[in-house]
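Residue-level listing of the chains:
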Amino acid sequence: MNIDQTVAAAIAALNLGDHFSFDALTQAIEHQRGRKIQVSELPELGDNEGLCAVLFYAADRDLILHAHSDSRLHTQQFILHEFAHIILGHCDDDGISHDLSDIDGLLPDIPASIRSRALARSDLATEQEVAAESLADVLAARIRGSAFADTSYTEIFG
Ligand SMILES: [Zn+2]
C-alpha cells in the first residue's frame, strides 16, 4: 500500500464518519486498542530542537508527552501525529526506535525498556513519519471541518 491508501484505510477503520470531535477520536482509538491514552504536557520537550511530542507504549496505557505551545492547534497537531502512530500500529513491533538520548534526563520515571520503544517526532524523513504526518493532517481536517486550511501548520513544518 502506498501512503495515501494506508491513510485512507486507517481513517475508514476508525468508522467515525467525515467529521468528528477530538474526544470522539480519542475514544475510538482507546476502544480499538482496548486501553487508555494519556496525554500530558512536558514543557521541557520544547527545549529540545525539533522535538514536539513523544509516544510511549507503557504496560497499561499509551502515553503521549507533548511540548508546550501557545497555539491550541499546534498542540493538537502534535498529539494527532502521535495518535497517527498508534492508529497505524507503528512501534507495535520493535522495528523502530529513535535516539532519545537528548531527552533521557527528562524522563526519569520511565524505564529504559519503554523509553527505547518511544517514537519521537523529531525526524520526518522515514516513511512511517510521513504516513503519520499525512494521517494527522487528515484527522485535523475532519476535526476542524471542511474549512481546514493547511497554511496553519506550514509555519512549524515549513
Ligand atoms: Zn512521528
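I will try to describe carefully the structure that is included in this document. (Residues numbered from 1 in each chain as written. Predicted model: local features only at pLDDT ≥ 70, side-chain atom pairs only at ≥ 80, totals over all residues. Heavy atoms only, no water.)

A look at the coordination of the zinc ion
Where a metal carries four tetrahedral donors, each ideal angle is 109.5 degrees; where it carries six octahedral donors, the ideal angles are 90 or 180 degrees.
Phase 1: Looking at the metal site, the zinc ion is ligated by His81 (NE2), His85 (NE2), Glu129 (OE) and Glu129 (OE), spaced 2.0 to 2.6 Å from it.
Phase 2: Coordination geometry of the zinc ion: the four donor atoms subtend angles of 55 to 140° at the metal centre, consistent with an arrangement described as irregular.
Phase 3: Linear spacing of the donor residues for the zinc ion on their chain is H-x3-H-x43-E. You can see His85 sitting in helix 3 (residues 72–87) and its partner Glu129 sitting in helix 5 (residues 127–144), a full 44 residues away along the chain. Side by side, His85 and Glu129 carry an identical accessibility label, which is buried. (Donors = N, O, S within 2.8 Å, 3.2 Å for Na, K, Ca; no water. Tetrahedral: all angles 85-135°; square planar, octahedral: opposite > 155°, others 65-115°. Helix = DSSP H or I, 4+ residues; strand = E, 2+ residues; numbered from the N terminus. Buried < 20%, exposed > 50% of the residue type's maximum accessible area, 1.4 Å probe, protein only.)

Let's talk about helix 3
Phase 1: Compared with an ideal rise of 1.5 Å per residue, which puts 16 residues at 22 Å, helix 3 spans 22 Å between its outermost C-alpha atoms and is within 8% of the ideal.
Phase 2: In the segment just after helix 3, Gly89 is the residue with positive phi, at about 75°. (Expected span 1.5 Å × (residues − 1).)

Regarding the nonpolar core
Phase 1: Counting 26 residues, the largest nonpolar core has Leu25, Ile29, Leu80, Phe83, Leu135 and Leu139 as its most contacted members.
Phase 2: When contributions to this core are tallied by element, the ones reaching two or more residues are helix 1 (3–14), helix 2 (22–33), strand 2 (53–57), helix 3 and helix 5.
Phase 3: With seven residues, the top contributor of residues to this core is helix 5.
Phase 4: Not counting residues up to four positions away in its chain, the partners in contact with Phe83 are Phe22, Leu25, Thr26, Ile29, Ile37, Val39 and Ile64.
Phase 5: Formed by 10 residues, the second largest nonpolar core is a distinct cluster that contains Leu45, Val54, Phe56 and Ala67. (Core = buried A, V, L, I, M, F, W, Y, C linked by side-chain atoms within 4.5 Å. Contact = heavy atoms within 4.5 Å.)

Digging into the environment of Tyr57
Phase 1: Residue position: Tyr57 is located in strand 2.
Phase 2: Measuring from C-alpha to C-alpha, the distance between Tyr57 and Ile86 comes to 9.0 Å, with 29 residues separating the pair along the chain.

So, the pairing of strand 3 (residues 61–66)
Phase 1: When you tally the buried positions in strand 3, you get five out of six residues, the bulk of the element.
Phase 2: Between strand 2 and strand 3, which pair antiparallel one after the other, the connecting turn spans three residues. (Pairing = 2+ DSSP bridges.)

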